[in-house]
Amino acid sequence: MRRAAELGLEFLGSLDERHVGARTDAASLATQLGGPLPEDGQDPEKVVEEMARVLDPGLVASVGPRYFGFVVGGALPASAAADWLTGAWSQNAVLHALSPAAAAAELVAGAWMLDLLGLPPNAGVGFPTGAGLGNAVGLAAARHAVLSRVGWDVEARGLHGAPEIRVVIGADAHSTLLTALQYLGLGRERVVRIPADDQGRMRAELLPEALDPSIPTIVAIQAGNVNSGAFDPADAVADAVAGHPNGWVHVDGAFGLWANVSPELRHLVAGVGRADSWATDAHKWLNVGYDCGFVAVRDATAQRAAMSARAPYLMQDHDQRDGWEFVLDSSRRARGFVVYAALRSLGRGGVRAMVERCCALARRMAERLGATDGVEILNEVVLNQVLVRFSPSDGGDADAFTRDVMTRVQEEGEAWMGGTTWQGKGAMRISVSNWSTTEADIDRTADAILRAAARD
């Protein structure tokens, strides 16, 4: 374990000059790493050293300051260290009886998260793998609640013969929301899609047309579009659903919910606290490392009804917290430890400063790139997302050229960012989410991008 810590610190120490992307593929690594399962075991320290040596070319420096792909956070020193402790302790967070320590960490970290995100202090909370399964938990609680109100026990009777549930989403809803609906038997294609504006925000003025008071209805909105960073208008949505006799509002806020920690950004999440359930990630803007999400449900009873099960051997104590009653997975890693460590090390002011700094750095990136001829910023940079499009000087295919610029940057290794299609246009997508990114990293990356764009 000491050797593993040394190797981890060596990796972290290399980030400033390391090629940000991977330098090989999985098939090549598997050939070196694999072969027949040996009959006899090997010394554990040699196993760890060989893993580190062989896999190094396949490691992506996503924990580093110039990785801007997929809204990936880094790993704060306190959370990384707590994660090593979590592995050593190997606590199963399923039941209080298996680990009062894990239960305590979830209680404290959960209360702090509710406070930071501006959510009801008595909401039920859980720590799933990420916001994707957090969406599934929130929507499962919604499914329970809206069917219970019309006399149907979905946990006992399933969906066969159940009253119809209408699910309403924005046209630019994230794919994990659809996956959650798929898991829950509510269907990816049965949703009602509300058109979005040019920034991907749900046009809430069209929502009342989709609300039938005779049909149990779940409306899912987005706090932080994965491309543009824009927010669905939560207040207007909440107003529309408030008049529905059996409605529920769920918020997919994988990274955007963190805007609440900043007075200068809080207007973006106005009305979000009026919803019924919320999902976000800790491994994005809180920078706890992978994997860790967070889900909250205003009606904790609905959450527990949708999630929990019973068996005589489980030693459940309802005076204590049994973590599996709030998430989909039972035996699981004790994620509360890393969230606690991150929040305790940063404090409210540190979280606020980190979020505000990332947003300021995103604006700096947009300003640096957008000042150059042939470079277009496609979105309003309201948060930490920047969409960039490049046009070649000969007037050729801008989609192809944008892909070429992105590939050149990735191959050079100075930084890494992914691509997307936005409003029918190919774009480079830059997400600034890392606690360690500085202005120097932004300028270094912008220079690399502009070098790549100059080679047309």
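Below you will find a few notes about this structure.

What counts, and where the lines are drawn
- Residues numbered from 1 in each chain as written.
- Predicted model: local features only at pLDDT ≥ 70, side-chain atom pairs only at ≥ 80, totals over all residues.
- Heavy atoms only, no water.
- Helix = DSSP H or I, 4+ residues; strand = E, 2+ residues; numbered from the N terminus.
- Rg over C-alpha atoms; globule rule 2.2 N^0.38 Å.
- Buried < 20%, exposed > 50% of the residue type's maximum accessible area, 1.4 Å probe, protein only.
- Areas by Shrake-Rupley, 256 points an atom, 1.4 Å probe, with all protein chains shown as cover.
- Lys, Arg positive; Asp, Glu negative; His and termini not counted.
- Charge placed at Lys NZ, Arg CZ, Asp CG, Glu CD.
- Pairing = 2+ DSSP bridges.
- Axes fitted to C-alpha atoms, helices over the stretch in contact; angles between N-to-C directions.
- Contact = heavy atoms within 4.5 Å.
- Patch = residues over 30% accessible without salt bridge, like charges linked within 9 Å, V, L, I, M, F, W, Y side chains within 5 Å.
- Salt bridge = Lys/Arg side-chain N within 4 Å of Asp/Glu carboxyl O.
- Core = buried A, V, L, I, M, F, W, Y, C linked by side-chain atoms within 4.5 Å.
- Right-handed = clockwise from strand over helix to strand, strands pointing away.

Okay, the overall build of the chain next. Along the chain, the regular secondary structure elements total 13 helices and 11 strands. Against the compact-globule benchmark of 23 Å for 456 residues, the chain has a radius of gyration of 23 Å, which places it among compact chains. Taken over the C-alpha atoms alone, the chain extends approximately 65 × 60 × 45 Å along its principal axes. When burial is assessed residue by residue, the chain has 50% of its 456 residues classed as buried. For the chain, the exposed area adds up to about 19,700 Å²; of that, 52% sits on carbon and sulfur atoms. If the 41 positive side-chain charges of the chain are averaged to one point and the 56 negative ones to another, these points end up 2 Å apart.

Turning our eyes to something else, we now look at the sheet that holds strand E3 (residues 192-194). With respect to topology, 7 strands assemble into an open sheet ordered E1-E7-E6-E5-E4-E2-E3, the strand pairing being mixed. At either end of the open sheet lies a strand with only one pairing partner, and these are strand E1 (124-126) and E3. Neighbouring strand axes in the sheet, compared pairwise and without regard to direction, differ in orientation by 15 degrees on average. Bridge count between strand E5 (residues 247-252) and strand E6 (residues 277-281): 3 bridges; the pairing is parallel. Along E6, the bridge assignment pairs Asp-252 with Ala-279. Across the sheet, helix H5 (residues 100-117) touches E1, E6 and strand E7 (293-297), and the angle it forms with E7 is around 75 degrees. Sheet strands touched by helix H6 (residues 131-148): strand E4 (217-222), E5, E6 and E7. Its angle to E5, the strand with the most contacts, is close to 175 degrees.

Moving on, we get to the environment of Leu-178. Within the fold, Leu-178 resides in helix H8 (residues 175-183). By relative accessible area, which is 10% here, Leu-178 ends up buried.

A word on a nonpolar patch on the surface. There is a patch of nonpolar side chains on the surface, built from Leu-9, Leu-12 and Trp-84 and spanning about 310 Å² of accessible area. Position of Trp-84 relative to the elements: it lies in helix H4 (residues 77-89). Residue classification places Trp-84 among the partly exposed residues on the basis of a relative accessible area of 45%.

On to the nonpolar core. Membership of the largest hydrophobic core comes to 84 residues, with the highest contact counts inside it found for Trp-258, Leu-286, Val-339, Ile-430 and Ile-449. The element best represented in this core is helix H11 (residues 336-370), accounting for 14 residues. With residues near it in sequence (within four places) discarded, Trp-258 still touches Met-113, Leu-116, Leu-117, Thr-280, Asp-281, Trp-285, Leu-286, Val-351 and Val-355. Counting residues in hydrophobic clusters, the runner-up holds 30 residues, among them Ile-165, Leu-178, Ala-180 and Met-307.

Burial runs high along E5: 6 of the 6 residues are buried. Burial along E5 is two-sided: Gly-247, Val-249 and Val-251 and Trp-248, His-250 and Asp-252, pointing in opposite directions, are all buried. Here E4 runs beside E5; their pairing, made up of 6 bridges, is parallel. Following the sheet pairing, Val-219 is matched in E5 by Val-249. For the crossover from E4 across helix H9 (residues 234-242) to E5, the handedness is right-handed.

Attention now goes to unusual backbone geometry. Most peptide bonds adopt trans geometry, and most residues besides glycine take a negative phi value. Cis peptide bonds are those with omega within 30 degrees of zero, and the linkage from Tyr-290 to Asp-291 qualifies with 0 degrees. The residue Asp-291 is located in the loop between E6 and E7 in this model. In this model, Val-71 sits at a positive phi of 50 degrees, which is unusual for a non-glycine residue. With relative accessibility at 2%, the residue Val-71 sits in the buried group. For Asn-287, which is not a glycine, the phi torsion comes out positive at approximately 60 degrees. Considering the arrangement of structural elements, one finds Asn-287 in the loop between E6 and E7.

Applying the stated criterion to the full structure yields 29 salt bridges. Asp-235 serves as the salt-bridge partner of Arg-274, at 2.8 Å between the closest nitrogen and oxygen. In this pair, Arg-274 sits in the loop between E5 and E6 while Asp-235 sits in helix H9, placing the two residues 39 residues apart along the sequence. The exposure class of Arg-274 is partly exposed, given its relative accessible area of 39%. Where Arg-451 meets Glu-412, a salt bridge forms, and the shortest distance between an N and an O atom there is 3.1 Å. Residue Arg-451 is found in helix H13 (residues 439-454), and its partner Glu-412 is found in helix H12 (residues 398-412); the two are separated by 39 residues along the sequence. Note on Arg-451: relative accessible area 40%, which makes it partly exposed.

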